[in-house]
Amino acid sequence: MAAVVLVGAQWGDEGKGKITDYLAEKAEVVVRYQGGSNAGHTVMVGEQEFKLHLVPSGILYPGKLCLIGNGVVVDPAVLVQELDGLAERGIDTSSLRISDRAHLILPYHKGLDAAEEERRGQAQIGTTKRGIGPAYVDKTARTGIRVGDLLDWEEFRGKLARNLAAVNEMLAKIYDRPGYVLEAILDEYAGYARRLRPLIADTVHLVNEALKNGRRVLFEGAQGTLLDLDQGTYPFVTSSYPTAGGACIGAGIGPTKINKVLGVVKAYTTRVGGGPFPAEITGSIGDTLREQGREYGTTTGRPRRCGWLDTVILRHAAEVNGLTGLALTKLDVLTGIDPLRICTGYRYGGEIIRDFPASLKVLQQCEPVYEEVPGWQEDITAARSLADLPAACRSYIRRLEELAGVPVHLIAVGPRRDQTIVVEDVF
Ligand code: GDP
Ligand code: IMO
Ligand code: MG
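Residues numbered from 1 in each chain as written. Chains lettered and ligands numbered in written order. Predicted model: local features only at pLDDT ≥ 70, side-chain atom pairs only at ≥ 80, totals over all residues. Heavy atoms only, no water.

K.L.:
Whenever I open this one, the coordination of the magnesium ion (ligand 3) confuses me. Can you help?
P.N.:
Six octahedral donors at a metal ideally form angles of 90 or 180 degrees, and four tetrahedral donors ideally form angles of 109.5 degrees. Note on the magnesium ion (ligand 3): its protein donors are Asp13 (OD) and Gly40 (O). The metal-donor distances range over 2.0 to 2.2 Å. In this pair, Asp13 sits in the loop between β1 (2–8) and α1 (16–23) while Gly40 sits in the loop between β2 (29–32) and β3 (41–45), placing the two residues 27 residues apart along the sequence. (Donors = N, O, S within 2.8 Å, 3.2 Å for Na, K, Ca; no water. Helix = DSSP H or I, 4+ residues; strand = E, 2+ residues; numbered from the N terminus.)

K.L.:
What am I meant to see in the pattern of salt bridges here?
P.N.:
Think of it this way: side chains of opposite charge can pair up when their charged atoms draw near. One pass over the structure, following the stated rule, counts 28 salt bridges. For Lys16, the salt bridge goes to Glu14, with nearest N and O atoms at 2.8 Å. This pair shows no difference in class: Lys16 is buried, exactly as Glu14 is. As a salt-bridge pair, Glu117 and Arg120 come within 2.6 Å of each other at their nearest N and O atoms. Residue Glu117 and its partner Arg120 are located together in helix α3 (residues 107–120), separated by three residues, close to a single helical turn. Through salt bridges that share partners, Asp13, Lys266, Glu295, Arg304 and Lys330 make up one connected network. (Salt bridge = Lys/Arg side-chain N within 4 Å of Asp/Glu carboxyl O. Buried < 20%, exposed > 50% of the residue type's maximum accessible area, 1.4 Å probe, protein only.)

K.L.:
Which parts of the structure should I look at to understand the site of ligand 2?
P.N.:
Near ligand 2 you find 20 residues, and of these Asp13, Lys16, His41, Thr128 and Thr238 are the closest. Taking Asp13, its main chain carries an N or O atom lying 2.8 Å from an oxygen atom of ligand 2. For ligand 2, the protein covers 97% of the area, taking 550 Å² as the surface of the free molecule. Of the residues that constitute the shell around ligand 2, the class distribution is seven nonpolar, 10 polar and three charged. Each of domain 1 (2–100 + 202–422) and domain 2 (103–198) accounts for three or more of the residues forming the shell around ligand 2. (Near = heavy atom within 4 Å. Polar contact = N/O pair within 3.5 Å; in protein donor to acceptor, adjacent residues only side chain to side chain. Areas by Shrake-Rupley, 256 points an atom, 1.4 Å probe, with all protein chains shown as cover. Nonpolar A, V, L, I, M, F, W, Y, C, P; charged D, E, K, R; others polar. Domains from an automatic or database assignment.)

K.L.:
Is there a simple way to think about the side chain of Thr269 in this case?
P.N.:
Its location among the elements puts Thr269 in strand β12 (residues 269–271). A polar side-chain atom of Thr269 sits 2.6 Å from the main-chain carbonyl oxygen of Trp308. Contact partners of Thr269, with chain neighbours within four places excluded, come to Gln10, Trp11, Phe277, Arg305, Cys306, Gly307, Trp308, Leu309 and Asp310. (Contact = heavy atoms within 4.5 Å.)

K.L.:
Could you clarify how one ought to interpret the UniProt feature "binding site: substrate" (unreviewed entry) in the chain in this entry?
P.N.:
UniProt's feature table lists "binding site: substrate" (unreviewed entry) at Thr298, Thr299, Thr300, Gly301, Arg302, Pro303 and Arg304, given in the numbering used throughout. The annotated residues that sit in the lining of the second largest pocket are Thr298 and Arg304. Following the sequence through the fold, Arg302 ends up in the loop between α9 (284–292) and β13 (305–307). If sequence neighbours within four positions are ignored, Arg302 has contacts with Gly126, Thr127, Thr128, Val272, Gly273, Glu295, Tyr296 and Gly297. From its side chain, Arg302 meets the backbone oxygen of Gly126 in a polar contact 2.8 Å long. Note on placement: Pro303 falls in the loop between α9 and β13. The residues contacting Pro303, other than those within four sequence positions of it, are Val272, Arg290, Glu295 and Tyr296. (UniProt positions renumbered as here; feature names shortened; annotations may be inferred. 1 Å grid on protein atoms, 1.4 Å probe; cavity = no way out; pocket = protein on both sides within 12 Å on 5 of 7 lines; lining within 4 Å.)

K.L.:
Would you take a moment to explain the sheet that holds strand β19 (residues 408–412) for this structure?
P.N.:
Strands in a sheet are paired, the pairing made by backbone hydrogen bonds, and the direction either parallel or antiparallel. Ordered by their spatial adjacency, 10 strands build an open sheet running β9-β7-β5-β2-β10-β1-β11-β15-β19-β20, and the pairing between neighbours is mixed. A single partner strand is all that each edge strand has here, and the edge strands are β9 (200–201) and β20 (420–422). Against the sheet, α1 engages β1, β2, β10 (216–220), β11 (260–266), β15 (325–329), β19 and β20, with an angle of about 165° to β1. (Pairing = 2+ DSSP bridges. Axes fitted to C-alpha atoms, helices over the stretch in contact; angles between N-to-C directions.)

K.L.:
How should I be thinking about the environment of Asp228 in this particular structure?
P.N.:
Among the structural elements, Asp228 can be located in the loop between β10 and α8 (245–251). C-alpha of Asp228 to C-alpha of Gly246: the two residues are 18 residues apart in sequence and 9.3 Å apart in space. Here the side chain of Asp228 touches Thr243 through a polar contact of 2.7 Å, side chain to side chain.

K.L.:
Would you explain the layout of surface pockets in this entry?
P.N.:
To find leftover empty space, one rolls a probe the size of a water molecule over the atoms. For the second largest pocket, the calculated volume is near 590 Å³. In this structure, the second largest pocket is lined by 26 residues; those nearest its centre are Thr42, Gly293, Arg294, Lys330 and Pro415. Looking at the lining of the second largest pocket, the elements with two or more residues in it are α1, β3 and β4 (48–52). In terms of residue count, the dominant contributor to the lining of the second largest pocket is β3 (four residues). Here the residues of the lining of the second largest pocket are counted per class, giving six nonpolar, 10 polar and 10 charged. (Points joined across faces, edges and corners; volume = space filled by probe spheres on them.)

K.L.:
Sorry, what's going on with the nonpolar core here?
P.N.:
A general trend in soluble globular proteins is that nonpolar side chains are found buried together. In this structure, Val5, Phe219, Leu331, Leu334, Trp376, Leu389 and Tyr396 are the most contacted members of the largest nonpolar core, which totals 57 residues. It is helix α12 (residues 391–404) that provides the largest number of residues to this core, a total of seven residues. Within the second largest apolar cluster, 45 residues are counted, among which are Val74, Val80, Leu96 and Leu199. (Core = buried A, V, L, I, M, F, W, Y, C linked by side-chain atoms within 4.5 Å.)

K.L.:
What exactly am I supposed to notice about α3 here?
P.N.:
Note: α-helices contain 3.6 residues per turn, so residues at a spacing of three or four share the same orientation. The end-to-end C-alpha distance of α3, which contains 14 residues, comes to 20 Å, matching closely the 20 Å that a straight helix rising 1.5 Å per residue would cover. Among all positions of α3, only Pro107, Tyr108, His109, Gly111, Leu112, Asp113, Ala114, Ala115 and Glu117 are buried. Next to the buried residues of α3 lie β8 (103–104), α4 (132–141), α5 (153–175) and α6 (182–196). Just past α3, the residue Gly121 takes up positive phi, approximately 60°. (Expected span 1.5 Å × (residues − 1).)

Here it is, written out as structure tokens:
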């Protein structure tokens, strides 16, 4: 039995899609367990680029069972569009199943997300406006509507009518915005219900059966550790649990079933949206990273903020996820930047902090402490083993491992499947 949880170790966009796709060659089941269409996972197959928001990144290998777990918030409009887009490109999506327990994103969740961001003004989170926060609010307030409700139209209508009464009052009185019309949403969602009905299943049972039968199961996290509702830079976080424990809750498996936790780490750091970012580079090297790394959001197209590798973050990620290995990505993007810097700690009020602080106020005042290390000039995109990498590049990896306290198992030196170095097999 092999169950591997793959998590983002930073602020998202670490290359989880590429690594999931790479591991999907051997995995038999791939499960998304949290988040929604705020995620944008890019997979390159040959020269073809796929951007996945809800469908697990295992879908590009034919015949893999792909599950959207109960912890995901599903926007059926996005899902249907994604399925159509994949079908147009000849991808078979018949092996996808959606949890009947997953919650639905409704049009008013997106409206409330935008309205609340506007109300926050200067303090806005910079959400993707995909309705994620409000959908999880409804889930925890116990007013959510679930994917399984699409199978019982009277149930769906009743819940929607009840919710709209409250939502429309809130929109009018708090946000001064127009409300939503019940019949319009019912019409739209009836189409999604027809379309998605054959895919709705008890994914909790499916994944547990797969594990019982010794199948190799990969849990594909979205977002990243620092966007985790509890472990991230609250309140500049998403509303779900991207950390490894989230896989248990969001897929419906026990923690005793997990064998390995792989943290995906970009060779530098990026963040999209607001909030503190100690190792951020504001000068021209930040622009170089953004251009060389093509650091623009997959979901929103926003430019990503760029910074040096921060190992305070990695130690935090190692702890809260119980990381057993790392997948290091985008190492090729650092080529030509010399010297490189690695953040080893934060200076705060005359002291050096090595653990990631909970307080945003403290974090905002933290000055990064850097170690300077030599860079390399060689193009490494054709490297297929550690020995193919320049000495300075290997030293950078070793230093990262030492400071994070976790060994590197995979190294990505380009976006394509074949641009991957295996140091130790994950499956
Ligand atoms: P995710 O959200 O974690 O799946 O990451 P994104 O797909 O949002 O962003 C990662 C971007 O980097 C995508 O455009 C990938 O194609 C690309 N990428 C992934 N790994 C590598 C790599 O090793 N080198 C380079 N140059 N690009 C990579
Ligand atoms: P993947 O899976 C990077 C960020 C948003 C914002 C905050 C809250 O592609 O790594 P939300 O819409 O979730 O309420 O926004 O979280 N964010 C991401 N940043 N990658 C993502 O997903 C993200 N999903 C959400 O930019 O700062
Ligand atoms: Mg992304």
